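Residue strings, one per chain:
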Amino acid sequence: MEQPQSTSEIERMLDELRTTNSLLREQIRISRDWRIPLRNGLASGLGTVIGATVLVAILLAVLKPFEGIAPGLERLATELQQGNRR
């Protein structure tokens, strides 16, 4: 590592170190607070539930036109099963 060239460079480095220490102190304070992880967990869970609900609603809307096909498919499956028994 190079040695600082002047006192102004040393002062600049000290200011940067103070800023970094201040940011680290704030991060440590936040990480010790139990409410923040709780809030983040609740938000994540709620987002998952809402997202799954939207996906199921879209899937049901896409499959709705095929609802009328079901009785015909059941009849076809029954005839195929009876045909295999003969």
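Residues numbered from 1 in each chain as written. Predicted model: local features only at pLDDT ≥ 70, side-chain atom pairs only at ≥ 80, totals over all residues. Heavy atoms only, no water.

**Q** Looking at this model, I keep getting lost on the overall build of the chain. Mind explaining?
**A** For the chain, the helix and strand inventory stands at three helices and zero strands. N-terminal to C-terminal, the α/β element order of the chain is α-α-α. Relative to the compact-globule value of 12 Å for 86 residues, the chain shows a C-alpha radius of gyration of 32 Å, a clear excess of over 25%. When each of the 86 residues of the chain is scored for burial, the buried share is 1%. Here the chain has roughly 8200 Å² of accessible surface; of this, 63% comes from carbon and sulfur atoms. On the chain, the mean spot of the 11 positive side-chain charges and the mean spot of the 10 negative ones are 13 Å from each other. (Helix = DSSP H or I, 4+ residues; strand = E, 2+ residues; numbered from the N terminus. Rg over C-alpha atoms; globule rule 2.2 N^0.38 Å. Buried < 20%, exposed > 50% of the residue type's maximum accessible area, 1.4 Å probe, protein only. Areas by Shrake-Rupley, 256 points an atom, 1.4 Å probe, with all protein chains shown as cover. Lys, Arg positive; Asp, Glu negative; His and termini not counted. Charge placed at Lys NZ, Arg CZ, Asp CG, Glu CD.)

**Q** How do you make sense of the pattern of salt bridges when you look at a structure like this?
**A** Opposite charge on two side chains permits them to pair, given that their charged atoms come into close proximity. Summed over all chains, the structure comprises four salt bridges. The salt bridge partner of Arg35 is Asp33, with a shortest N-O separation of 3.2 Å. According to the relative accessible area criterion, Arg35 is exposed, its value standing at 51%. Asp33 gets classed as buried once you look at its relative accessible area, which sits at 17%. (Salt bridge = Lys/Arg side-chain N within 4 Å of Asp/Glu carboxyl O.)

**Q** What should I look at first to understand a nonpolar patch on the surface in this one?
**A** The grouping of Leu46, Ile50, Val54, Ile58, Leu59, Val62, Leu63, Phe66, Ile69, Leu73, Leu76 and Leu80 at the surface amounts to a nonpolar patch, some 1100 Å² of accessible area in total. Contributions of two or more residues to the nonpolar patch are made by helix H2 (35-63) and helix H3 (70-85). Tallying contributions element by element places H2 first for the nonpolar patch, with seven residues. Residue placement: Leu73 occurs in helix H3. The exposure class of Leu73 is exposed, given its relative accessible area of 51%. (Patch = residues over 30% accessible without salt bridge, like charges linked within 9 Å, V, L, I, M, F, W, Y side chains within 5 Å.)

**Q** Whenever I open this one, the environment of Ile10 confuses me. Can you help?
**A** Looking at the element boundaries, Ile10 is found in helix H1 (residues 7-32). Given the relative accessible area of 37%, Ile10 is considered partly exposed.

**Q** For this particular structure, what's the right way to read the confidence of the model for the chain?
**A** Regions with low pLDDT carry predicted coordinates that are not meant to be interpreted in detail. Across the chain, pLDDT averages 86, with 92% of residues at or above 70. The spread of mean pLDDT over the elements of the chain runs between H3, the lowest at 78, and H2, the highest at 92. (pLDDT = per-residue confidence, 0-100.)

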